[in-house]
Amino acid sequence: AIAAVASVDELRAHLAAGGAAASPTGAWVAKAPLTAAGRDRVRRTGPDVDAATATRLGRLLAVHGALVVEPWMARTLDVGQAGVVLAADRALLLPPHRGVCDGAGVVRALLVDDAAALPPAHARALAAATAAVAARLGALGYRGPFVVDAFAHADGFHPLGEINPRLTFGLVARAWAEHVGQPLLLGLGGPPPPGARPLVHAPDGSAAAWCHAGSSSSLSSAVASLSKPSLASR
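The sections below set out a description of the structure shown in this document. (Residues numbered from 1 in each chain as written. Predicted model: local features only at pLDDT ≥ 70, side-chain atom pairs only at ≥ 80, totals over all residues. Heavy atoms only, no water.)

## Regarding helix α3 (residues 120-139)
Helical periodicity: at 3.6 residues per turn, an α-helix aligns residues three or four positions apart in one direction.
Here is step 1: Between its first and last C-alpha atoms α3 spans 29 Å; for 20 residues at 1.5 Å apiece the expected length is 28 Å, and the two agree.
Here is step 2: Listed as buried for α3 are His122, Leu126, Ala129, Thr130, Val133, Ala134, Leu137 and Gly138. Each buried residue of α3 lies within a common arc of 165° when the element is viewed along its axis, so the set occupies one face. For α3, exposure combined with an orientation more than 90 degrees from the buried face picks out Pro120, Arg124, Arg136 and Ala139.
Here is step 3: On its buried side, α3 packs onto β5 (75-87), β6 (90-101), β8 (144-153) and β9 (156-164).
Here is step 4: Gly141 occupies a position one or two residues after α3 and carries a positive phi of about 100°. (Helix = DSSP H or I, 4+ residues; strand = E, 2+ residues; numbered from the N terminus. Expected span 1.5 Å × (residues − 1). Buried < 20%, exposed > 50% of the residue type's maximum accessible area, 1.4 Å probe, protein only. Arc of directions from axis to C-beta. Contact = heavy atoms within 4.5 Å.)

## Re the pattern of salt bridges
Here is step 1: As enumerated under the stated definition, the model contains 5 salt bridges in all.
Here is step 2: When the shortest N-O distance is used, the salt bridge between Lys31 and Glu70 registers 3.4 Å. With Lys31 in strand β2 (residues 27-31) and Glu70 in strand β4 (residues 67-71), this pair connects stretches of sequence that are 39 residues apart. You'll find Lys31 and Glu70 in the same group, each marked buried.
Here is step 3: Of the charged contacts, one joins Arg174 and Asp114 as a salt bridge, the two residues approaching to 2.9 Å between their closest N and O atoms. With Arg174 in helix α4 (residues 169-180) and Asp114 in the loop between β7 (107-112) and α3, this pair connects stretches of sequence that are 60 residues apart.
Here is step 4: Judged by relative accessible area, which is 8%, Arg174 ranks as buried.
Here is step 5: Bridged by salt links that share partners, the residues Lys31, Glu70 and Glu162 form one connected network. (Salt bridge = Lys/Arg side-chain N within 4 Å of Asp/Glu carboxyl O.)

## Some details on the layout of surface pockets
Here is step 1: As a volume, the second largest pocket reaches approximately 230 Å³.
Here is step 2: Every residue along the wall of the second largest pocket is listed here: Arg75, Thr76, Leu77, Asp78, Arg98, Gly99, Val100, Cys101, Asp102, Leu111 and Val223.
Here is step 3: Within the residue set of the lining of the second largest pocket, elements represented by two or more residues are β5 and β6.
Here is step 4: Of the residues assigned to the lining of the second largest pocket, the class counts are 5 nonpolar, 2 polar and 4 charged. (1 Å grid on protein atoms, 1.4 Å probe; cavity = no way out; pocket = protein on both sides within 12 Å on 5 of 7 lines; lining within 4 Å. Points joined across faces, edges and corners; volume = space filled by probe spheres on them. Nonpolar A, V, L, I, M, F, W, Y, C, P; charged D, E, K, R; others polar.)

## Observations concerning the sheet that holds strand β10 (residues 184-188)
Here is step 1: Across the sheet, 8 strands lie side by side as β9-β8-β5-β6-β7-β10-β12-β11; this open sheet has antiparallel pairing. Sheet topology places β9 and β11 (197-201) at the edges, where each strand pairs with a single neighbour. Shown here is a sheet whose adjacent strand axes are inclined to one another by a mean of 25°, direction ignored.
Here is step 2: When β5 meets β6, the two strands line up antiparallel, connected through 8 bridges. Within β6, the position partnered with Asp78 by the bridge is Gly99.
Here is step 3: In the packing of α3 onto the sheet, contacts are made with β5, β6, β8 and β9, and the angle to β5 comes to roughly 35°.
Here is step 4: In this fold α4 packs onto β5, β6, β7, β8, β10, β11 and β12 (207-213), with an angle of close to 140° to the strand it touches most, β10. (Pairing = 2+ DSSP bridges. Axes fitted to C-alpha atoms, helices over the stretch in contact; angles between N-to-C directions.)

What follows is the structure, given as structure tokens:
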């Protein structure tokens, strides 16, 4: 179950009532209502909230006023679909892209490879959700880019995980892939995989952004190398 809580006591009550029961491990995540890249969150397992966790939650609540609590699922696929709302009743929808996340759910890179098709049922569900989001954004007066993030786990597919009504990393990756004319892996931070080309350097000289373009097969090992948790997830 997904719930919004305004205090640590509300979170404890939610967990005691089975709020994380959908997770096969009883894991849960409490995150800021508006956040990005796996930040502003606490991830734990079990219904008990110890003193150290309560302190962290209290700090987040003091900043954000409320937290969204969800069961933590072991994802088998992260995917997004981008588009641009052009008018109240018109939008351009782009092909889906893959998210490459580490074990803590932090996005390490995005893979733009239109030859790597989604399972048909997933593709239909994602397209329907993205079209519905575009229509709703248009009706609300929004004009511009957006992305719908989705994910699959052992028990199903969630076609509407997040809505990002802004210029996102997914749209940047799509534009860069069209620029180079090849499937592309575009990443932020962390050690880039072998064969990647740094695009932007951090003050300490490390790669703040990097890309790896090539065939679908040549990108497989690069994707596999990004599965370890990043510093941002700790």
